[in-house]
Amino acid sequence: MDHETKKLKKHFEKHLQYDEMKAKKRAGKIRQSFRKDKGVVREQRVTEDNWEELLDQHGHSVKRPSIGDVLAQIVQHDEAASLAAEEGEAEGAGIVFSVSSGRCRVLRDGEELDCVVPPELAVRQKSALAVGDRVLVTNESGVWRLQTVLPRSTVLARPDPLHKHMQRLIAANVDVVIHVVSLKSPPLRPRLIDRFLIAIQRGGAQPVICVNKVDLLTAEERDRELPKLAPYLDLDVPVIGCSTKTGEGLEALRAAVDGKMAALVGHSGVGKSSILNAIDERLQLATNTLNRKRGTGRHTTTASTLYDFGGGTYLIDTPGIREFGLWDLDRESLRDYFPEFDEPNESCRFTDCTHVHEPNCEVKALVEAGELNAARYETYVRLWEDLG
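Reference entry: report on the structure contained in this document. All figures in this text were calculated on a predicted structure; none of them were measured in a lab. (Residues numbered from 1 in each chain as written. Predicted model: local features only at pLDDT ≥ 70, side-chain atom pairs only at ≥ 80, totals over all residues. Heavy atoms only, no water.)

**Considerations on empty space enclosed by the protein**
Here the structure, examined in full by the defined rule, presents one cavity of 30 Å³ or more. Roughly 70 Å³ of internal volume is contained in the largest cavity. What lines the largest cavity is simply H179, V180, V181, S182, P186, P187, L188, R189, L192, H267 and V270. A per-element tally of the lining of the largest cavity places strand β8 (residues 176–182) first, with four residues. (1 Å grid on protein atoms, 1.4 Å probe; cavity = no way out; pocket = protein on both sides within 12 Å on 5 of 7 lines; lining within 4 Å. Points joined across faces, edges and corners; volume = space filled by probe spheres on them. Helix = DSSP H or I, 4+ residues; strand = E, 2+ residues; numbered from the N terminus.)

**Observations regarding helix α6 (residues 190–203)**
The end-to-end C-alpha distance of α6, which contains 14 residues, comes to 20 Å, matching closely the 20 Å that a straight helix rising 1.5 Å per residue would cover. Along α6, the positions that sit buried rather than exposed are L192, I193, D194, F196, L197, I198, A199, I200 and G203. Two residues or fewer past α6, G204 is found with a positive phi of approximately 100°. (Expected span 1.5 Å × (residues − 1). Buried < 20%, exposed > 50% of the residue type's maximum accessible area, 1.4 Å probe, protein only.)

**Things to note about the sheet that holds strand β11 (residues 261–266)**
Read across the sheet, six strands follow the order β10-β9-β8-β11-β13-β12 without closing on themselves; strand pairing throughout is mixed. Because the sheet does not close on itself, it has two edges, and the strands there are β10 (239–241) and β12 (305–310). Sheet twist, expressed as the mean angle between neighbouring strand axes with direction ignored, is 25°. Bridge analysis of β8 against β11 gives five bridges, and the strand direction is parallel. Considered in β11, the bridge of I178 is made with L264. Running at roughly 175° to β8, α6 makes contact with β8, β9 (206–212) and β11 of the sheet. (Pairing = 2+ DSSP bridges. Axes fitted to C-alpha atoms, helices over the stretch in contact; angles between N-to-C directions. Contact = heavy atoms within 4.5 Å.)

**Overview of helix α9 (residues 250–257)**
Looking at α9, one finds that the buried residues are L250, L253, A256 and V257. Viewed end-on, α9 has its buried residues packed into an arc of 115°, placing them on one side of the element. For α9, exposure combined with an orientation more than 90 degrees from the buried face picks out E251 and A255. For α9, the elements touching its buried residues are β8, β9, β10, β11, α10 (272–279) and β13 (313–317). Positive backbone phi, approximately 75°, marks G259, located one or two places after α9. (Arc of directions from axis to C-beta.)

Distances and angles like these do not, on their own, reveal function.
Rendered as structure tokens:
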């Protein structure tokens, strides 16, 4: 067995163990949702916010199923979801367009349905259900219930702020992620762009950078600020300048999302909701001004929401994010998201050069010579150090 085959085998074994561990954790959470009272189901709904309180009030069930039993149910549930997709049963699926505690709203065949989220999903809702998810629902005695979350084609996620070992879903099944930025009010943050690009590419979607509020720039400011985005054009990432005041760039933005599922993400105050209003004036989404003292944005959108623009076009408005962590990333895979390092890497002294501390590093030499973007390299170094 050659070196590459051994490495590939080790990689798959590692991930199989990790998947099994995650499944057992899921089983443990679901098992905790069972209560006593001789198997009678309580009327109070178990949610992510109240399950610990209910556990304290009612205690553990005497006849709870074992983790093995619950694990088998999870496997059966996941296999059923895959089978449903393969056999075409997903034709009657709906799209989740908003999520709240223990409930979600689903758009199916032009009808909006308010659905109850089952306990096994409610206890881990932020990591198991997202706007954009394709789901199967069922009506039981006049109550709509979410039955199955179908397999996702793409996902945008970040680490949960309170539980770093868990991911928090932002959106699912998006074809395009529009990262909205501004060059002033608030100022450009290249490191945030780099972090979003990594998350978008890891999740499988196509990134687009939208530079909003270009009407606020003088001709001199445009000449000075716009070149900062040139490295992303070199990476074949579309960059669209637009203004909701003058209408500049809006047609190009409409073309980028036409017939697709797209999510708008970015720093607070960059104008995501204003862009949606400009694309379709019927929305009339609430917008806000910047904090005058700090020049930072204020959160107008508090939860991700999907809007149907017709013709197969769906846009997801997401809450503003000032800091964006990266989920499940290590130092070895980090280099994959800086493709401009690939060619100079061939000339580095060491074949496994990290481009951080080694001597005779061609990447560092090109950065010092101004031939590679220094801001991108600084982002790489910071992320590399954070992942240590």
